[in-house]
Amino acid sequence: MSENSRLAQAILSQLTYITLSTATTDGVPWNAPVYAAFDEAYTFFWVSAKYARHSQNIRANQRIAIVVLTDSLECSHALACLRRRGWEHPPSVDMVVGATLRGVYKAVPENIWISTEDSNGLDGRVQVDVLEM
C-alpha cells in the first residue's frame, strides 16, 4: 500500500461528516455535510430525508455516482456501518425502505484525491489508487 493510500485511510477514518456535492438538472450546485460511515471497501453510507435538497438532486441528476438503497440486506449493512461509527439510534430497515421519509444512500468512490503541497509549496492534490485501499 502506498503512502498516499495510508494517508487517505487515516483521513477518512477520522471524518464524522462528508461533504456531499450535488447539482440540480440545470447545473445549480449544492453542498451539504452529511453524517456518514464507510465499510472496508470504502463505500460510503448515510441516511437523509428524501425531501432534503441534496436527496432531490441525487434523484434528479443521473450523472452522479450515488444511488439510493432500496434492498433490505444492503440497507441493513449500511445501518450496521453507521451504528459501528457511533450512531446510537439509527433507524430500522423498515423506516428507510419503501415509501418513507428517509432513505439510505450509498456512494462508491471511483476516484479519491488527497490535498498536498505542489512543487511551489502551494495547494495541490494527489490521486489515490482506490483499488489499493
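How each quantity is defined
- Residues numbered from 1 in each chain as written.
- Predicted model: local features only at pLDDT ≥ 70, side-chain atom pairs only at ≥ 80, totals over all residues.
- Heavy atoms only, no water.
- Helix = DSSP H or I, 4+ residues; strand = E, 2+ residues; numbered from the N terminus.
- Polar contact = N/O pair within 3.5 Å; in protein donor to acceptor, adjacent residues only side chain to side chain.
- Contact = heavy atoms within 4.5 Å.
- Salt bridge = Lys/Arg side-chain N within 4 Å of Asp/Glu carboxyl O.
- Buried < 20%, exposed > 50% of the residue type's maximum accessible area, 1.4 Å probe, protein only.
- Arc of directions from axis to C-beta.

Draft legend 1. Local environment of the side chain of threonine 22. Residue placement: threonine 22 occurs in strand S1 (residues 17–23). Among the polar contacts made by the side chain of threonine 22, one reaches the side chain of asparagine 57 at a distance of 2.9 Å. Among all residues touching threonine 22, those that are not within four sequence positions of it are Val28, Pro29, Trp30, His54, Asn57 and Ile58.

Draft legend 2. Representation of the pattern of salt bridges in the model. For the structure on display, the rule yields 2 salt bridges. Glutamate 3 is paired through a salt bridge with arginine 6; the nearest N and O atoms lie 3.5 Å apart. Of the two residues, glutamate 3 and arginine 6 both sit in helix H1 (residues 3–14), 3 residues apart, roughly one turn of that helix. Residue classification places glutamate 3 among the exposed residues on the basis of a relative accessible area of 53%.

Draft legend 3. Up close: helix H2 (residues 53–60). Along H2, the positions that sit buried rather than exposed are His54, Ser55, Asn57 and Ile58. Seen from one end, H2 has its buried residues packed into an arc of 160°, which puts them on one side.

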